[in-house]
Structure formats: C-alpha cells, structure tokens
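What follows is the residue order along each chain.
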Amino acid sequence: MNWFISEFNIRAWRLINHYEPEKASGVTLIYGPKGIGKSTLLRCLFQRIGPNEESVFTDALSFSRQYAYAAQDNKLNPFRQRYRSTRLLVIDDLQMFEGKAKTIEELHYTYEYVMENGGKMVFTLEDDLPQLEFLGERLASRFLSGVVLPINRPQANEMERFLDEYTHQKHLFMDKSVLGIIAERTDNLADAIRVIEQFVQFAELQQDELSCSCFLAYWENEARKRDTVADPVNIIRIAAQTMQVPIEELIGPGRTPRINEARQLAIYTIRTLCQISYPAIACYFNRNHSTMITSYKKMAEKLNNNDELNKKYEIILNTFKA
C-alpha cells in the first residue's frame, strides 16, 4: 500500500495492518478530523481481508440511500439480508447518519444481527472526539464499548515529509521551500494534495516552473478567489460592508432596526445562494432555526416593497456573480 505512516496515524495503521476478524473486537471505531486518511485505511483493511460475499464495504450516505430506496420499493428483505448476514461490515463516515432517525434505527437492528451471528463491524467518524450522541444513547454506548482509536492531525514536519514523498512519487520537480509553505498553511493531507494539484495546474497555465515565486502568485490568486466564493462567511462579510454594519454587530445580539435589517439581508442571501438548511444558517448567527425562517420571510417581504434595499441586495449578488 502506497501510504504515509507517521506518529499521527501509527496506532490506527497497526490495527488495520494486523486486523483479524476472528480475533478482533465486535466493533472498531477510528475517528479524527477530515482529510487525514481514515477512508484510505478502511479501504486498505477491506482489500487486505479480501472482498467476498460475507463482507461489505460502504459509507453512511450509501447505506442511508439504499435503505430509503428499499423501504420505498418494498425491497427491505434483500437489503437486510445483505447487511445483517455479513461477517464483516465496514462503514465509512459514521457522522453522515446524523438526523436520520429511521436509518439509525435500521443500523441498530443491523448491529444486533451482526453481533448475534458473530460478525464484526468497523467504522470511521469524522470528528476530533468520538462523539456519537446523534446515534442515540444505546447504540452509541455499544459502538464505544469496542476498540476506539484516534488519528490525530499531522504535525508540520510530518506534512512536509508526506508531501516530499508524494511529489517524488508523482515525479514533480518542485522547490523544497514550497513543500514547507504548504505544510504550514494546511492541516490535513487531503487539502495539501489539493493545493499541490491546483498549483501544478496554475504553473502550467502560466508556463512557469514549480518555484516558490510561482507558488506565492498561485496562493495570492486563490485568496482572491476565496474572497468571492458565495459561502456564508463571505456573504456575511459583504452584507456587513454593504449595509455599513460591523460584522461583530451583524452576528451579535444587537436588535436595533439597522442591525436587524442587515442581519435579515445576510440570512436571506445565504439561504438564496448557498441553499443550506435553516439550522445550518443559524449556527453562523448563534440563534435558533425558527429565527432564521422568520428573518428570511421578513426580508423577502421587504425586498418586494423597498427599492433602496433591493439595490443593496443586487450589490451583494453582483459581488459573487463577478
């Protein structure tokens, strides 16, 4: 396996490398932040054990979709036969079950059947801590009763060694100082690889070498692009500028008409451009989702009757269209 092993992932790697279903704990949970190789480790485990009719590899989103389709088409028996009879069930991204009550209930029954038949389950969770409250107390306690292993964020020196190995394998002749800069400015392997790939594309377009000066030009260009991406943080910033309200007041507890209107406009724009849920929007303003719904409706009504406010809304939209 072409994989980078270091202090941040060595415990999980040893478990995966020596995993024997017959001797393993009923449940194994590997957790850690995004982009540090959890999914790669799972695939390595599944390939090493050897895919067969008695083992299943999936992720939480696929499991949820398959369950929903099976329930809708009255085909739950084949679905349950596949998952409940397996000797090894490997599920990636456990956090994607959050909020799916019926799927979690199905997962609970799946767990009971697999354990009763002497099978084993291995999961990954994207989180800094093994927090499984979203599964419910009973299922969470069962998953946490097995082997629980963290994968930590790699240190800058580990990142730099990984990038040195990665560029060598890809036959990229890159200035070593660039690797150090990337290691300092990223905190996970996936983001670091993405930066390298984008930098190579940028250098090719510029017909330049993979030098430090070229990388700094790339980074500056990416920073300009990030500032105009229609995400909640940028929308709040532009809405605050357009409405001439400090950001800390826009997201703060203030309720003056001026601040309320700026906040409502930001909420309306986020909902329109980002199309994320009201609870997700509420996290940016430290409020509940019902307040977000009310704010959205109020701003929609104001935009129908206020030309001056419409002009400011257009200014915000045009910032991101450009």
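Residues numbered from 1 in each chain as written. Predicted model: local features only at pLDDT ≥ 70, side-chain atom pairs only at ≥ 80, totals over all residues. Heavy atoms only, no water.

Visitor: Describe the side chain of Thr167, naming the residues involved and giving the relevant values.
Guide: Here Thr167 lies in helix H7 (residues 156-169). Classification of Thr167 as buried rests on a relative accessible area of 3%. Apart from residues no more than four positions distant in its own chain, Thr167 is found in contact with Leu172, Met174, Leu179 and Ile196. (Helix = DSSP H or I, 4+ residues; strand = E, 2+ residues; numbered from the N terminus. Buried < 20%, exposed > 50% of the residue type's maximum accessible area, 1.4 Å probe, protein only. Contact = heavy atoms within 4.5 Å.)

Visitor: Which residues make up the packing of helix H3 (residues 60-72) against helix H5 (residues 101-116), and what are the values?
Guide: Following both chains from N to C, one finds H3 and H5 inclined at 100 degrees, their axes separated by 10 Å at the closest point. Taken together, the axes of H3 and H5 are roughly perpendicular relative to one another. Contacts between H3 and H5 involve Phe63, Ser64 and Tyr67 from the former and Lys102, Thr103, Glu106, Leu107 and Thr110 from the latter. For the contact of H3 with H5, the per-class residue count stands at 3 nonpolar, 3 polar and 2 charged. (Axes fitted to C-alpha atoms, helices over the stretch in contact; angles between N-to-C directions. Parallel < 35°, antiparallel > 145°, perpendicular 65-115°, else oblique. Nonpolar A, V, L, I, M, F, W, Y, C, P; charged D, E, K, R; others polar.)

Visitor: Outline helix H11 (residues 232-243), listing residues and values.
Guide: A rise of 1.5 Å per residue sets the reference length of H11, with its 12 residues, at 16 Å; its end C-alpha atoms lie 16 Å apart and thus fit the reference within 8%. The buried fraction of H11 is high, at 9 of 12 residues. Among the residues making up H11, those that are buried are Pro232, Asn234, Ile235, Ile236, Ile238, Ala239, Ala240, Thr242 and Met243. Taken together, the buried residues of H11 touch helix H10 (212-227), helix H12 (247-250), helix H13 (257-274), helix H14 (278-285) and helix H16 (307-321). Just downstream of H11 lies Gln244, where phi reads positive at about 55 degrees. (Expected span 1.5 Å × (residues − 1).)

Visitor: Can you explain the packing of aromatic side chains? Please cite residues and give values.
Guide: Summed over the entire model, instances satisfying the criterion amount to 18 aromatic pairs. For the pair Tyr218 and Trp219, a centre-to-centre distance of 6.4 Å together with 70 degrees between the ring planes defines the contact as edge-to-face. A relative accessible area of 2% places Tyr218 in the buried class. With centroids separated by 4.7 Å and ring planes inclined at 20 degrees, the aromatic side chains of Tyr268 and Tyr296 adopt a geometry described as stacked. In this pair, Tyr268 sits in helix H13 while Tyr296 sits in helix H15 (residues 289-303), placing the two residues 28 residues apart along the sequence. Three or more aromatic residues link up through ring pairs in this structure, and these residues are Phe63, Tyr67, Phe79, Tyr83 and Phe97. Over the aromatic face of Trp219 sits the side chain of Arg226, whose NZ or CZ is 5.2 Å from the ring centroid. Its guanidinium or amino end placed over the ring of Tyr278, Arg271 lies 4.2 Å from that ring's centre, counting from NZ or CZ. (Phe/Tyr/Trp six-rings, centres within 6.5 Å; stacked < 30°, edge-to-face > 60°. Lys NZ or Arg CZ within 6 Å of the ring centre and 35° of its normal.)

Visitor: How would you sum up unusual backbone geometry? Please name residues and give values.
Guide: The backbone of Gln207 shows a phi angle near 55 degrees, a positive value even though the residue is not glycine. The residue Gln207 is located in the loop between helix H9 (189-206) and H10 in this model. At Asn286, a position not held by glycine, the phi torsion is positive, near 55 degrees. One can find Asn286 in the loop between H14 and H15.

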